[in-house]
Amino acid sequence: MKRILIIKTPQKIGKKVLICGWIVNIRDHGKIKFFDLRDRSGVVQCVGTNFPKLTPQSAVEVVGIVSERPENMVNEKIDAGWVEIQVEKVKVLSLAKELPFDMGKEDLGLTLPTLLDYRTISLRNIKISNIFKVQEAIMEGFRQASKKLGCTEIFTPTISASSTEGGAEVFRVKYYEHNAFLVQSPQLYKQMMVPVFERVYLVSHAYRMEPSVTTRHLSESIQLDCELGFVNFEELLDALEFVGKYTIGFVASKYPQILKEYGVENPRVDGKIPRITMREAQRIILERTGIDHTKEDDLAPEDEREIGKWAQEEYNSDLVTVTHYPTKKRAFYTLPDPTDPKYSLSYDLLFKGVEILSGSQRISNYDDLVDAIRGRGMDPENFKMYLQAFEYGMPPEGGFSFGLERITMLILGLSNIREASLFPRDMERVDFRFSEKRIKKS
Ligand code: AMO
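Residues numbered from 1 in each chain as written. Predicted model: local features only at pLDDT ≥ 70, side-chain atom pairs only at ≥ 80, totals over all residues. Heavy atoms only, no water.

(A) How the structure looks around the overall build of the chain. In terms of helices and strands, the chain carries 12 helices and 20 strands. Projecting the C-alpha coordinates of the chain onto the three principal axes gives extents of approximately 80 × 55 × 40 Å. Here the chain holds 442 residues, and 52% of them are scored as buried. Looking at the chain alone, contacts between residues at least 24 apart form 65% of all its contacts between residues at least 6 apart. Looking at the chain as shown, the accessible area adds up to about 22200 Å², and 51% of this sits on carbon and sulfur atoms. (Helix = DSSP H or I, 4+ residues; strand = E, 2+ residues; numbered from the N terminus. Buried < 20%, exposed > 50% of the residue type's maximum accessible area, 1.4 Å probe, protein only. Contact = heavy atoms within 4.5 Å. Areas by Shrake-Rupley, 256 points an atom, 1.4 Å probe, with all protein chains shown as cover.)

(B) Region of interest: helix H3 (residues 126–148). Helix length check: H3 (23 residues) gives 32 Å between terminal C-alpha atoms against 33 Å at 1.5 Å per residue, within 8%. Looking at the residues trailing H3, positive phi occurs at Gly 150, about 90 degrees. (Expected span 1.5 Å × (residues − 1).)

(C) Structural context of unusual backbone geometry. Although it is not a glycine, Lys 352 sits at a positive phi angle of roughly 50 degrees. Structurally, Lys 352 can be placed in the loop between strand E16 (346–351) and strand E17 (354–361). Located in the positive-phi region is Asp 431, a residue other than glycine, with phi close to 65 degrees. Assignment of secondary structure puts Asp 431 in the loop between strand E19 (429–430) and strand E20 (432–433).

(D) Focus on helix H10 (residues 366–375). All buried positions along H10 are accounted for by Leu 369, Val 370, Ala 372 and Ile 373. The buried residues of H10 occupy an angular sector of 160 degrees when projected down its axis, which confines them to one face. Exposed positions of H10 whose direction lies more than 90 degrees from the buried face are Asp 367, Arg 374 and Gly 375. Turning to H10, the residues buried within the fold contact helix H11 (384–391). The N-cap of H10, judged by a side-chain oxygen 3.0 Å from the amide nitrogen of Asp 367 a few residues on, is Asn 365. Directly beyond the C-terminal end of H10, a positive phi value near 75 degrees is found at Gly 377. (Arc of directions from axis to C-beta. Polar contact = N/O pair within 3.5 Å; in protein donor to acceptor, adjacent residues only side chain to side chain.)

(E) A look at the site of the ligand. Taken together, the neighbourhood of the ligand is formed by 24 residues, with Gln 187, Arg 208, Glu 355, Ser 358 and Arg 362 sitting nearest. One of the side-chain N or O atoms of Glu 210 is found 2.8 Å from a nitrogen atom in the ligand. One nitrogen or oxygen atom from the side chain of Ser 358 is found 2.3 Å from an oxygen atom belonging to the ligand. Protein chains bury 93% of the 620 Å² of accessible surface belonging to the ligand in isolation. Those elements that provide at least two residues to the shell around the ligand are helix H4 (187–192), strand E11 (220–229), E17 and strand E18 (397–403). Take the shell around the ligand: its biggest share by element is 5 residues, from E17. Across the shell around the ligand, the residue classes tally to 6 nonpolar, 10 polar and 8 charged. (Near = heavy atom within 4 Å. Nonpolar A, V, L, I, M, F, W, Y, C, P; charged D, E, K, R; others polar.)

(F) Here's a closer look at the domain arrangement of the chain. Taken domain by domain, the chain consists of domain 1 (6–94) and domain 2 (119–441). Distance between the C-alpha centres of domain 1 and domain 2: 44 Å. (Domains from an automatic or database assignment.)

(G) Looking closely at the pattern of salt bridges. Tallied over the entire structure, the rule returns 28 salt bridges. Residue Arg 429 is joined to Asp 117 by a salt bridge in which the shortest nitrogen-to-oxygen separation is 2.9 Å. Highlighted residues: Arg 429 in strand E19 and Asp 117 in helix H1 (residues 112–117), separated in sequence by 312 residues. The salt bridge partner of Arg 279 is Asp 297, with a shortest N-O separation of 3.3 Å. In this pair, Arg 279 is assigned in helix H8 (residues 278–289) and Asp 297 in the loop between H8 and helix H9 (301–315), connecting sequence segments 18 residues apart. Using a relative accessible area of 22% as the deciding quantity, one classes Asp 297 as partly exposed. Where salt bridges share partners, they join Lys 190, Asp 225, Glu 227 and Arg 362 into one cluster. (Salt bridge = Lys/Arg side-chain N within 4 Å of Asp/Glu carboxyl O.)

(H) Molecular detail of the sheet that holds strand E4 (residues 59–68). Read around the closed barrel, the 5 strands follow the order E1-E2-E3-E5-E4; overall the barrel is mixed. On average, each strand axis in the sheet is inclined to that of its neighbour by 55 degrees, with strand direction left out of account. When strand E3 (residues 43–48) meets strand E5 (residues 83–94), the two strands line up parallel, connected through 3 bridges. When the sheet's bridge partners are listed, Gln 45 is paired in E5 with Glu 84. (Pairing = 2+ DSSP bridges. Axes fitted to C-alpha atoms, helices over the stretch in contact; angles between N-to-C directions.)

(I) Spotlight on the side chain of Glu 227. Along the polypeptide, Glu 227 turns up in strand E11. On the accessibility criterion, Glu 227 (0% relative accessible area) is buried. Polar contacts involving the side chain of Glu 227 include one to the side chain of Lys 190, which spans 3.3 Å. In this structure the side chain of Glu 227 is engaged in a polar contact, spanning 2.9 Å, whose partner is the side chain of Arg 362. If sequence neighbours within four positions are ignored, Glu 227 has contacts with Gln 187, Lys 190, Gln 191, Val 194, Glu 198, Arg 199, Val 200, Arg 362, Glu 397, Gly 398, Gly 399 and Phe 400.

Now the structure itself:
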């Protein structure tokens, strides 16, 4: 007999079917026993009287007759909720050992460390795995939008000869008898590809030795980048806002039921996105709250939150673009504003008051770029491959990068970015917490 997917069972009423999946939970009502079975397409209730030894999360094969459930027993929450399987035979493919917590609940209600310590099983909870369905949709939306912009998808290395974003937050790796770095972003490679394809996009892992534990930083994250040639600042702003709106809008229209499950409203991304400079943002914050951050050279997280609220109230927009950050606060490749070089042609996109993207118009002139590298106390020798591209016809260009986990977290209103990463890395954890590494033998 050929296996069918659970989602197809309602089309087979009265017929015998073979389905496979994992047992979600088991209910024993005396003689009659029930279990819910999950496969990649959905969940269905199975009912019978004579089962072998079964445990939650065991992988099984079930043969049974599909029957309609009485009207008052229909489970509206699941697609196959109006049928059940009258089980004839259960074959256990892999019996799960006793679980460390109850996996039968819709909401596991566990603390974050426990969720992460038992990641391989907590991810099997449907509400939790839905976070990664949303993440997949973000990718799909981003890919579609980037293609609409005319970008070619590229794949770039994560081992690099030079560090890109500056600062101490770079992981060094021993590379044979040499030193190398894990990329803090795919920045240099995407720029080198502009004279090849003019417009590129990519998905890359990025590594940062974040010195503190926050709810929005990971040591390894995924960046969604674009880089475009022959563009000016305004065109870059248009491009990033297009990709941001399209991507978030795509997710909201693909998975409204997951957003509902997480209790979040549809993101407000359809209208005009307000654009303000960082200094204007600080003035708005001063007017609204009386808090004077106008001398600060960056927006603090609470400033971003306030500007996010301002954009929602004044423009009915969850997105706001902030431009012209101080040149010294941005990476070396950022182009200073020719009319006021203390500030740069840079931008961040905030979503619900949190930065999800940054980028800039780049320095595309070779000599200026060498000066900028030296100006940051770095050696142009270490950027040889990168600089080569600028000696041979680099047009005016720029780009941007979204943080995949950040967007996921904000779309679903998660309180910690770790929930939006399958296997989050931070200073305290790689798979397990360093403080309690334990390999148990079963
Ligand atoms: P930036 O450093 O701002 O810019 O990173 C781009 C976006 O990536 C996300 N992000 C992170 N997410 C989780 N944990 C982290 N530690 C982390 N660091 C960054 C954020 C951020 O907006 N090369 C430039 C981009 C460019 O100019 O094109 C860059 O990396 O959402």
